[in-house]
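Structural description and commentary
Residue-level listing of the chains:
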Amino acid sequence: MTPQAKLIFTSSLILGTTITISSNHWITAWAGLEINTLAILPLIAKSHHPRAIEAATKYFLTQATASALLLFSAMMNAWYTGQWDITQLTHPTACLILTSALAMKLGLAPFHFWFPEVLQGSPLTTALLLSTLMKFPPMTLLFMTSPSLNPTLLTYMAILSTALGGWMGLNQTQIRKILAFSSISHLGWMAIIVSYHPKLTLLNFYLYSLITATVFLTLNTLKTSKLSTLMTTWTKTPALSTMLLLTLLSLAGLPPFTGFLPKWFIIQELTKQSMAPAATMISLLSLLSLFFYLRLAYCATITLPPHTTNHMKQWHISKPTPSAIAILTTTSTMLLPISPLILTTV
């Protein structure tokens, strides 16, 4: 792909995201989502590999269906109430259809099946965009319509999402698929709290995007997409592998790291809302995803490749660690001490 084409598609992505997050009218929000979808398709299919073409087709079909549902819910609400304003969504059937549309856009269970397949067929940089930037517009719409949505339905979808994200990621060997199921699991944490404390959902999304960006950029630098090749990276770049270990532990939500921060706040808020059973269940289900994060971390840092297999000996690379990854790793692991400051903003 030529640099000019890449620039056009990236600019369209930023434009579409900006239009959606700054709009009050359903039609402009829908137009922004459509611009986003059309701009990301060439970036998914740019390798012209059959798997990439398949991923782009699956992405287009699911996003087109979700956009149609979103427009249908907006039209139904406008038909009954005369309101096209995003925050004035009051008709119960329209709210139900919108919940389905946004769940499909985000990859929230039970509408999650397209996401691992699309991520597996995409390059690592495009997979990063799909996991972070492309989820920002629907997340903003979820934030704006949160008072109108059914909290019980969202809670059930969130618990199902965390369960499936953890369960289905256990036996994966492809790193992109593992990160896709990780994303589905994290979306469960965001969905369960959106009706009670919407700002916590956005905080969780920002921190998840930060940590996921670090993981994807590190893997892109290591040129690694499978667990078997990840096992040979320690001899090549020990510093980068150590950064990957810390970031994965943060993504798992273990206490001294940044990833623990949103989980702590969400469990606290759920307990305040007399939802201790839901908080207990979602916390226990996140242990499933902890297993595959630990397996990734183990493959990246602790094991040396087995001597029975034939592989090229990896040597140290003299290139320094990219400064962007160093900065992102620092913020991905060390924001927990400033949690009181973050708490005042939410």
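Residues numbered from 1 in each chain as written. Predicted model: local features only at pLDDT ≥ 70, side-chain atom pairs only at ≥ 80, totals over all residues. Heavy atoms only, no water.

1. A look at a nonpolar patch on the surface
This is how it is decided: For patches, a residue must show more than 30% relative accessible area and have no salt bridge; joins then use 9 Å for like charges and 5 Å for nonpolar side chains, namely Val, Leu, Ile, Met, Phe, Trp and Tyr. In this description, accessible areas are obtained by the Shrake-Rupley approach with a 1.4 Å probe, and a residue is regarded as covered only by the protein chains that are shown. Think of a salt bridge as a Lys or Arg side-chain nitrogen and an Asp or Glu carboxyl oxygen that are within 4 Å of each other. Working definition: helices are DSSP H or I runs of at least four residues, strands are E runs of at least two. Numbering for both runs from the N terminus.
On the surface, a nonpolar cluster with roughly 300 Å² of combined accessible area is contributed by Leu38, Phe60 and Leu61. Following the sequence through the fold, Leu61 ends up in helix H3 (residues 50–81).

2. Re the UniProt feature "transmembrane region" (unreviewed entry) in the protein
What counts, and what does not: UniProt positions are given in the numbering used here, feature names are shortened, and annotations may be inferred rather than shown by experiment.
The UniProt entry lists residues 7–23, 59–79, 91–115, 153–171, 203–222, 243–261, 281–304 and 324–343 under the feature "transmembrane region" (unreviewed entry), expressed in the numbering used here. Here residues 324–343 is 75% helix and 0% strand, with 26 Å between the C-alpha atoms at its ends.

3. Details of the UniProt feature "domain: NADH:quinone oxidoreductase/Mrp antiporter transmembrane" (unreviewed entry) in the protein
The residues that UniProt annotates with the feature "domain: NADH:quinone oxidoreductase/Mrp antiporter transmembrane" (unreviewed entry) are residues 23–288. Split by type, residues 23–288 is 75% helix and 0% strand. Its first and last C-alpha atoms lie 38 Å apart.

4. Details of the packing of aromatic side chains
Quick reminder of the rule: The aromatic pairing rule takes the rings of Phe, Tyr and Trp, using the six-membered ring of Trp, and pairs them if the centres are within 6.5 Å, calling planes under 30 degrees apart stacked, those over 60 edge-to-face and the rest tilted. Using a 1.4 Å probe on the protein chains alone, a residue whose accessible area is under 20% of its type maximum counts as buried, one over 50% counts as exposed, and one in between counts as partly exposed. Whether a charge sits over a ring depends on NZ of Lys or CZ of Arg being within 6 Å of the ring centre and within 35 degrees of the ring normal.
In this structure the tally under the stated criterion is 8 aromatic pairs. Ring centres 6.1 Å apart and planes at 10° place the aromatic pair Phe260 and Trp264 in the stacked group. Taken together, the residues Phe260 and Trp264, both in helix H13 (residues 260–272) and 4 residues apart, mark about one turn of the helix. Here Phe260 falls in the partly exposed class, since its relative accessible area comes to 25%. Here Trp264 falls in the partly exposed class, since its relative accessible area comes to 37%. One aromatic cluster in this structure is built from Tyr59, Trp114 and Phe115. Across the ring face of Phe115, the terminal group of Lys135 is positioned such that the distance to the ring centre comes to 3.8 Å.

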